[in-house]
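# Structural features, examined
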Amino acid sequence: MKINLYNTLTRQKEAFKPIRGNQVGLYTCGPTVYNYAHIGNLRTYIFEDILKRVLVYNGYDVKHIMNITDVGHLTGDRDMGEDKLEAGARREGKTAWEIAEFYTKAFQSDLEKLNILDPTTWCKATDTIPEQIALIQELEEKGFTYRTSDGIYFDTSKFPGYTKLSHQDLDALQEGARVERNPEKRNSTDFALWKFSPEDVRRQMEWESPWGIGFPGWHIECSAMSMTYLGDQLDIHAGGTDHIDVHHTNEIAQSEAATGKRFFNFWMHGAFLIIAGGKKMAKSEGNFLTLDGSFTERGIDPLVYRFAAFLTHYRKPMEYSEEAVAAARNGLAHLRNQVRAIREKSGGRTGTVDTGSKDRFLSEINDDLNMPRAMAAVQEMLKSNLPPADKLATILDFEKVLGLELDRVDDTEGLPPEVLEKVDARNKARADKNWALSDQIRDELQAMGFVVQDTKDGTTVFPS
RNA sequence: GGCGGCAUAGCCAAGUGGUAAGGCAGAGGUCUGCAAAACCUCCAUUCCCCAGUUCGAAUCUGGGUGCCGCCUCCA
């Protein structure tokens, strides 16, 4: 079935077609590892996970690269300010390398909790320094660079299609620029490819280069890594919407200037998470929420957040609130209970995937990843007249895309002995019609974290 | 100031010309000793406001109002 994806380059949905046969090269911008990811960041990775799962579900062989930016990303603007990693190191009294390692692990742990599939290859900016240097050299040979007192810069005026992604009017943009100019830059949009280490300060992360000791600029690593790992399989590049105007625009400029070839056919961007009051989530806004802080540590399944993310289309700002969490929490619990009930009705047997429901589901996810509609399709399937065994097979098939652990089977055999004893005692009390004792035991079990359900076939108990 | 986006029920949210998906919350019912869970039913004559185009508009056009994002580190 055809997949339509919204391409920022053309500002419209386009039929997706890989460059080479059945293979898809997917590059997703990973984090700069100087701090924890907040749940707004994670929304984008959930969107990218759905993108990948949808491609796989459609039968494509996806080669997915995600980078870890562990050097070169500056705290200031316009290529000024301090390296975020070095700043983080000073803040926490560790080395920049330790900072990168620590926050990379924390990030990967978040992805795992959200059931986000690992990329085919993780790559670190610091592992591709030679490739980045080679790319800069190529740009230098072709006359796209110039040298200032603090680094090697890309001259954006020499690349004709500079605004093809952002669609911005550069003249107007310059007039409105609110930031301090770097006086040595020829154009305000020019950006650093290589920065020299300061003469008086020894950086923790620095490398030899043809231009002197220093470190790479923020944008060059993504170009080098995508070309290194994907070669000519540059199909889809995804990231957050904030990257359109600067980061991705610069990536395209430097890559296409160097190779003379088109750099990625599809550019996809996820919208921000906003909190009540309508502000985006950012450290500077003072509303930095982490997955662990908002979910794991409060005893809420992190997949509740994944479920919540499905209820808003990825290109639209998503509102986050305690109310939204509660709604998603109930919604996911309900969905899992529905699956549980269906499994009981079918006696645990799975039938065949219903083609009509699958076609409906496919048409929704293949229409620019319309998860809100896909979730509606899921509900309609579950409430249909299909035989339970077929419903079970169908929902488990959808689960390949959803990744909500709907197939998680509660291990009733693994219940602790003290729970089983209480269940026995309660069953006896119920047989004696001693409702007071029965209710008391049920309260005790609930306090222990178990749900008690009486059905006509007996009592079932499972962790809540 | 420039560019872009959004405004749909109590809340979240699909829907881009043919008469308002879905979720959460709420109400009633079936089941149950009572619950819980599940299931069934109900829940926007109406889509920010005003004008226009059209047989027909939440969807198109013009104007207005409000909110947000990017342009500056940022998913």
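Everything that follows concerns the structure shown earlier in this document.
Note that the coordinates shown come from a computational prediction; the quantities given were computed from them, not determined experimentally. (Residues numbered from 1 in each chain as written. Chains lettered and ligands numbered in written order. Predicted model: local features only at pLDDT ≥ 70, side-chain atom pairs only at ≥ 80, totals over all residues. Heavy atoms only, no water.)

### Here's the deal with the pairing of strand β1 (residues 4–7)
Examined bridge by bridge, β1 and strand β2 (residues 12–15) share 4 bridges and lie antiparallel to one another. Bridge pairing links L5 to E14 in β2. Connecting β1 to the next strand, β2, in antiparallel fashion are 4 residues, including R11 with a positive phi near 60°. (Pairing = 2+ DSSP bridges. Helix = DSSP H or I, 4+ residues; strand = E, 2+ residues; numbered from the N terminus.)

### Some words on unusual backbone geometry
Here the phi dihedral of F264 falls at roughly 65°; this positive angle occurs in a residue that is not glycine. Relative to the assigned elements, F264 resides in the loop between α7 (244–259) and β11 (266–270). One non-glycine residue, E405, lies in positive phi territory at about 55°. In this structure, E405 sits in the loop between α13 (388–402) and α14 (417–431).

### Things to note about the environment of R90
With respect to the element layout, R90 can be found in helix α2 (residues 84–92). Residue R90 is classed as exposed on the basis of its relative accessible area of 60%. Between the alpha carbons of R90 and V54 there is a distance of 42 Å; along the sequence they are 36 residues apart. (Buried < 20%, exposed > 50% of the residue type's maximum accessible area, 1.4 Å probe, protein only.)

### Some details on the sheet that holds strand β7 (residues 151–154)
One open sheet holds the 4 strands; their spatial order is β6-β7-β8-β9, and the pairing between them is antiparallel. Each edge of the open sheet is held by one strand with a lone partner, namely β6 (145–147) and β9 (214–216). For this sheet, the mean inter-axis angle between neighbouring strands, taken without regard to orientation, is 25°. (Axes fitted to C-alpha atoms, helices over the stretch in contact; angles between N-to-C directions.)

### A short note on empty space enclosed by the protein
Over the atoms, a rolling probe the size of a water molecule traces out where space has been left empty. Across all of its chains, the model carries 3 cavities of 30 Å³ or more by this definition. Counted as a void, the largest cavity has a volume near 130 Å³. If you go around the largest cavity, the residues you meet are R43, I46, F47, I50, A309, F310, T312, H313, Y314, L369, M371 and P372. Elements represented by at least two residues in the lining of the largest cavity include exactly α1 (39–57), α9 (303–310) and α12 (371–382). Ranked by residues supplied to the lining of the largest cavity, first place goes to α1 with 4 residues. Looking at the lining of the largest cavity residue by residue, the classes come out as 9 nonpolar, 2 polar and 1 charged. (1 Å grid on protein atoms, 1.4 Å probe; cavity = no way out; pocket = protein on both sides within 12 Å on 5 of 7 lines; lining within 4 Å. Points joined across faces, edges and corners; volume = space filled by probe spheres on them. Nonpolar A, V, L, I, M, F, W, Y, C, P; charged D, E, K, R; others polar.)

### Some details on the packing of helix α10 (residues 322–345) against α12
Direction vectors running N to C along α10 and α12 enclose 30°, while the axes themselves pass 11 Å from each other. By the angle between their directions, the pair α10 and α12 is classed as roughly parallel. Viewed along their axes, α10 and α12 form a crossing whose handedness is left-handed. Two secondary-structure elements touch here, α10 through L335, Q338 and I342 and α12 through M375, V378, Q379 and L382. By residue class, the composition of the contact of α10 with α12 is 5 nonpolar, 2 polar and no charged. (Parallel < 35°, antiparallel > 145°, perpendicular 65-115°, else oblique. Left-handed = near helix turned anticlockwise from the far one by under 90°. Contact = heavy atoms within 4.5 Å.)

### Brief notes about helix α11 (residues 355–365)
Residues of α11 that are buried include every one of S357, F361, L362, E364 and I365, and no others. Along the long axis of α11, the arc covered by the buried residues comes to 160°, so they all point the same way. As for α11, its buried residues are in contact with α1, α12 and α13. (Arc of directions from axis to C-beta.)

### Comments concerning the packing of aromatic side chains
In total, this model carries 21 aromatic pairs according to the counting rule given. A ring pair is formed by Y45 and F107, whose centres lie 4.9 Å apart and whose planes are at 70°; its orientation type is edge-to-face. You can see Y45 sitting in helix α1 and its partner F107 sitting in helix α3 (residues 96–113), a full 62 residues away along the chain. The same class applies to Y45 and to F107, which are both buried. For the pair W97 and W207, a centre-to-centre distance of 6.4 Å together with 75° between the ring planes defines the contact as edge-to-face. Of this pair, W97 sits in helix α3 while W207 sits in the loop between β8 (191–196) and β9; the two residues are 110 residues apart in sequence, bridging distant segments of the chain. Here a set of aromatic residues connected by ring pairs shows up, and it is made of Y27, F263, F264 and W267. In this arrangement the basic side chain of K94 is found over the ring face of F102, its NZ or CZ atom lying 4.5 Å from the centre. (Phe/Tyr/Trp six-rings, centres within 6.5 Å; stacked < 30°, edge-to-face > 60°. Lys NZ or Arg CZ within 6 Å of the ring centre and 35° of its normal.)

### Quick look at the packing of α1 against α13
Following both chains from N to C, one finds α1 and α13 inclined at 135°, their axes separated by 8 Å at the closest point. Considered as vectors, α1 and α13 are oriented oblique to each other. Of the residues in α13, those in contact with I50, R53, V54 and Y57 of α1 are D397, F398, E399, K400 and V401. For the contact of α1 with α13, the class distribution of residues is 5 nonpolar, no polar and 4 charged.

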